[in-house]
Amino acid sequence: MLLAIDVGNTNIVLGLYADGSEATDEKARTTLVRDWRMRTEPRMTADELALTMRGLLGEHADRVTGIAALSTVPALLRELRVMLGRYWSDVPRVVVEPGVRTGVPLLVDNPKEVGADRVINTLAAHHLHSTNCVVVDFGTSTNIDVISAKGEFLGGAFAPGIEISLDALASRAAQLRKVELVRPRSPIGKNTVECLQSGILYGFAGQVDGLVRRLVAELEVTHGGPTTVLATGGLAPLVVTESQTITHHVPDLTLLGLRLVYDRNFG
């Protein structure tokens, strides 16, 4: 089985895909079999990473026949490489970084600045849709990436993430606190908790919609054709139902991209 590892700033996500002998067609190869999520701790060692991951994988740990991984946390990138070399040394693997073959043209000022997760999301979005795409990734930050119908990464926009904004508000305002991120009874909050929930939920949905509309309008001028708007990331379910511009929710978009980049390098 192929193990996909996405090391993000807040969470590490693991996904298992069928390998060549288990998958009978393209759909089977790109259908997620199992997935797990663990908290990111930047000071984890290679041994701690392996212990936690192998514990989550259970009986699947020794069935891994290939690994595709990325890390947006520099402190964990080295530990990730050490872990793979120490615990899965006989397994073909690819760690996404500059120089790895992804097939994604990076049409930006400094391609080396583009995070591996953004490149991989571009690859996956283009695999799913032949149109221009906008990918909204709700993570530690809210990343909005713009992709041409040819699969080119064109750039995008960053905004503070939902949890970061809520943490900052709670720490800087004496009478405000962290609240559960759920839909309030009404956009008009009747108490402090509902006021916070309304501002976070509808405020971020409005922010995303405003940015996406501007990006889509620019795409229509520069590239023409329709645009598909996809959402991914751990906090996407919170906003997707309130957004007026997001048309597709793909929770495993980054894992799918890792599956595809592995095939490009070992297929």
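Residues numbered from 1 in each chain as written. Predicted model: local features only at pLDDT ≥ 70, side-chain atom pairs only at ≥ 80, totals over all residues. Heavy atoms only, no water.

K.L.:
Can you break down the overall build of the protein chain residue by residue, with the values?
P.N.:
Looking only at helices and strands, one finds 8 helices and 10 strands in the protein chain. Expressed as a percentage of its 267 residues, the buried residues of the protein chain come to 49%. At a minimum sequence separation of 6, the contacts of the protein chain that also span at least 24 residues come to 61%. On the protein chain, roughly 13000 Å² of surface is accessible, and the fraction owed to carbon and sulfur atoms is 51%. When the 26 positive and 30 negative side-chain charges of the protein chain are each reduced to one mean point, those points stand 3 Å apart. (Helix = DSSP H or I, 4+ residues; strand = E, 2+ residues; numbered from the N terminus. Buried < 20%, exposed > 50% of the residue type's maximum accessible area, 1.4 Å probe, protein only. Contact = heavy atoms within 4.5 Å. Areas by Shrake-Rupley, 256 points an atom, 1.4 Å probe, with all protein chains shown as cover. Lys, Arg positive; Asp, Glu negative; His and termini not counted. Charge placed at Lys NZ, Arg CZ, Asp CG, Glu CD.)

K.L.:
Give a description of the layout of surface pockets that names residues and reports values.
P.N.:
By volume, the largest pocket amounts to about 820 Å³. Forming the boundary of the largest pocket are 38 residues, of which Asp137, Phe138, Gly139, Thr140 and Gly234 lie nearest the centre. Put simply, the parts of the chain that give the lining of the largest pocket at least two residues each are β1 (2–7), β2 (11–17), β3 (32–39), α4 (116–128), β6 (132–138), β7 (141–147), α5 (162–172) and α8 (253–266). The element that contributes the greatest number of residues to the lining of the largest pocket is α5, accounting for 4 residues. One number sums up the size of the second largest pocket: a volume of about 370 Å³. As for the second largest pocket, its lining consists of 19 residues, of which Glu97, Pro98, Val114, Gly115 and Ala116 are closest to the centre. Those elements that provide at least two residues to the lining of the second largest pocket are α3 (74–87) and α4. (1 Å grid on protein atoms, 1.4 Å probe; cavity = no way out; pocket = protein on both sides within 12 Å on 5 of 7 lines; lining within 4 Å. Points joined across faces, edges and corners; volume = space filled by probe spheres on them.)

K.L.:
Could you give me a rundown of the pattern of salt bridges, with the residues and numbers involved?
P.N.:
Two side chains that carry opposite charge are able to pair once their charged atoms sit near each other. Going through the model one piece at a time under the given rule, you end up with 10 salt bridges. A salt bridge links Arg54 to Asp62, with the nearest nitrogen and oxygen atoms 2.7 Å apart. The exposure class assigned to Arg54 is partly exposed, which follows from its relative accessible area of 24%. One salt bridge connects Arg81 with Glu97, and the closest N-O pair in it is separated by 2.5 Å. Of this pair, Arg81 sits in helix α3 while Glu97 sits in the loop between β5 (93–95) and α4, and the two are 16 residues apart along the sequence. When salt bridges with common partners are traced through the structure, they connect Arg39, Glu41 and Arg43 into a single cluster. (Salt bridge = Lys/Arg side-chain N within 4 Å of Asp/Glu carboxyl O.)

K.L.:
Which residues make up the sheet that holds strand β4 (residues 66–71), and what are the values?
P.N.:
Strand order in this open sheet of 5 strands is β3-β2-β1-β4-β5, and the pairing throughout is mixed. Both edges of this open sheet fall to β3 and β5, since each of them pairs with a single strand only. Across the sheet, the mean angle separating the axes of adjacent strands is 10° when strand polarity is ignored. In terms of strand pairing, β1 meets β2 through 6 bridges, oriented antiparallel. Each bridged residue has a counterpart across the sheet, and for Ile5 the counterpart in β2 is Leu14. (Pairing = 2+ DSSP bridges. Axes fitted to C-alpha atoms, helices over the stretch in contact; angles between N-to-C directions.)

K.L.:
With reference to specific residues and values, describe the sheet that holds strand β9 (residues 227–232).
P.N.:
The mixed open sheet is built from 5 strands, whose spatial order is β8-β7-β6-β9-β10. Since the sheet does not close on itself, it has two edges, and those belong to β8 (153–160) and β10 (248–249), each with one partner. When β9 meets β10, the two strands line up parallel, connected through 2 bridges. Residue pairing for β10: Leu230 is matched across the bridge by His248.

K.L.:
Account for α4, with residues named and values stated.
P.N.:
With 13 residues, α4 should cover 18 Å at 1.5 Å per step; its first-to-last C-alpha distance of 19 Å lies within 8% of that length. Burial runs high along α4: 10 of the 13 residues are buried. Here α4 has its buried residues at Ala116, Asp117, Arg118, Val119, Ile120, Asn121, Thr122, Leu123, Ala124 and Ala125. Buried residues along α4 sit in contact with β4, β6, β7, β8, β9 and α8. (Expected span 1.5 Å × (residues − 1).)

K.L.:
Run through the side chain of Thr40, naming residues and quoting values.
P.N.:
Checked against the element boundaries, Thr40 lands in the loop between β3 and α2 (46–57). Within the structure, the side chain of Thr40 is placed 3.4 Å from the backbone nitrogen of Ile12, a separation counted as a polar contact. Discounting residues that sit within four places of it in the chain, Thr40 has contacts with Gly8, Asn9, Thr10, Asn11, Ile12, Val73 and Leu76. (Polar contact = N/O pair within 3.5 Å; in protein donor to acceptor, adjacent residues only side chain to side chain.)

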